[in-house]
Amino acid sequence: MISSNHPLPLDAGVARIVGLLDPNRYECFAERAGILEFEARMARVEAERQALIQTLARYGFPNTPSVWLLQINVDVRVQWVLTANEVGTRRQLADRGFTDVTAVDLADVLHRQFGNEAWLTTAR
């Protein structure tokens, strides 16, 4: 949430989402907006919009878990990999020879494949 000593973004939609950001994400947003406004000479409202897009692209939407579910095929079976580091896990899977890796919707897979509940075990 934005503290009272920071100006509210000009665009109401941007302000609504920015109001949900934690302090670290807000700092990233504010820094990007300032750079875009003063260095790139963008209008403040456009700089804030672009900064929000960049912040969300980097950190994801507020209050969403930062986990990904990847689907791989092992022989003829589908396997699932739950990860907090999508890029790193994709690299590790590629190093192990898995080239057909698909990011899938975690909630959908939990519902359709596991009846809303899955028990996890480690791969190590």
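Cut-offs and rules
Residues numbered from 1 in each chain as written. Predicted model: local features only at pLDDT ≥ 70, side-chain atom pairs only at ≥ 80, totals over all residues. Heavy atoms only, no water. Axes fitted to C-alpha atoms, helices over the stretch in contact; angles between N-to-C directions. Helix = DSSP H or I, 4+ residues; strand = E, 2+ residues; numbered from the N terminus. Parallel < 35°, antiparallel > 145°, perpendicular 65-115°, else oblique. Left-handed = near helix turned anticlockwise from the far one by under 90°. Contact = heavy atoms within 4.5 Å. Buried < 20%, exposed > 50% of the residue type's maximum accessible area, 1.4 Å probe, protein only. Salt bridge = Lys/Arg side-chain N within 4 Å of Asp/Glu carboxyl O. Core = buried A, V, L, I, M, F, W, Y, C linked by side-chain atoms within 4.5 Å. Pairing = 2+ DSSP bridges.

**Some remarks on the packing of helix 2 (residues 23-38) against helix 3 (residues 44-59)**
Part 1 of the argument: Packing of helix 2 against helix 3 leaves a shortest axis separation of 8 Å and a crossing angle of 140°. Here helix 2 is positioned oblique relative to helix 3, judged by the angle of their axes. Of the two elements, helix 2 crosses helix 3, and the hand of that crossing is right-handed. Where helix 2 approaches helix 3, its residues Arg25, Cys28, Phe29, Arg32, Ala33, Leu36 and Glu37 are matched on the opposing element by Arg44, Ala47, Glu48, Gln50, Ala51, Leu52, Gln54, Thr55, Arg58 and Tyr59.

**Comments concerning the side chain of threonine 89**
Part 1 of the argument: Relative to the assigned elements, threonine 89 resides in helix 4 (residues 86-95).
Part 2 of the argument: When its relative accessible area of 12% is taken as the criterion, threonine 89 is described as buried.
Part 3 of the argument: In this structure, threonine 89 is in contact with Leu70, Val81 and Thr83, ignoring residues within four places of it in sequence.

**Let's talk about the environment of alanine 15**
Part 1 of the argument: As for its position among the elements, alanine 15 is in helix 1 (residues 12-18).
Part 2 of the argument: Judged by relative accessible area, which is 18%, alanine 15 ranks as buried.
Part 3 of the argument: Separated by 15 residues in sequence, alanine 15 and alanine 30 have C-alpha atoms that sit 12 Å apart.

**Looking at the pattern of salt bridges**
Part 1 of the argument: Under the counting rule described, the total for this entry stands at six salt bridges.
Part 2 of the argument: We note a salt bridge from glutamate 48 to arginine 44, for which the minimum N-O separation is 2.8 Å. In this pair, glutamate 48 and arginine 44 both sit in helix 3, four residues apart, roughly one turn of the helix.
Part 3 of the argument: Take glutamate 48: its relative accessible area is 6%, and that puts it in the buried class.
Part 4 of the argument: For the salt bridge of arginine 49 with glutamate 46, the shortest nitrogen-to-oxygen distance reads 3.7 Å. Separated by three residues within a single helix, arginine 49 and glutamate 46 lie in helix 3, roughly one turn from each other.
Part 5 of the argument: For arginine 49, a relative accessible area of 34% gives the class partly exposed.
Part 6 of the argument: Salt bridges sharing partners connect three or more residues here, namely Asp11, Glu46 and Arg49.

**Regarding the nonpolar core**
Part 1 of the argument: Listed in full, the 11 residues of the largest apolar core are Val14, Val18, Leu21, Tyr26, Phe29, Ala33, Leu36, Ala47, Ala51, Leu52 and Leu56.
Part 2 of the argument: Sorting the residues of this core by element identifies helix 1, helix 2 and helix 3 as the ones contributing at least two each.
Part 3 of the argument: In this view, alanine 47 contacts Ala33, Leu36, Glu37 and Met42; residues no more than four positions away in its chain are not counted.
Part 4 of the argument: The next biggest cluster of nonpolar side chains, apart from the first, holds five residues, and it includes Leu70, Ile72, Val81 and Val101.

**A look at the sheet that holds strand 2 (residues 77-83)**
Part 1 of the argument: Taken in spatial order, the three strands line up as 2-1-3 in an open sheet, and their pairing is antiparallel. Taken across any chain shown, the strands that pair with only one partner, and hence form the sheet edges, are strand 2 and strand 3 (101-104). Taking each pair of neighbouring strands and ignoring which way they run, the sheet shows an average axis angle of 30°.
Part 2 of the argument: Bridge count between strand 1 (residues 68-74) and strand 2: seven bridges; the pairing is antiparallel. Note that in strand 2 the partner of leucine 69 across the bridge is leucine 82.
Part 3 of the argument: Packing of helix 4 onto the sheet brings it into contact with strand 1, strand 2 and strand 3, and relative to strand 1 it is tilted by some 10°.
Part 4 of the argument: Helix-sheet contacts for helix 5 (residues 106-114) involve strand 1, strand 2 and strand 3, and the interaxial angle to strand 2 is about 140°.

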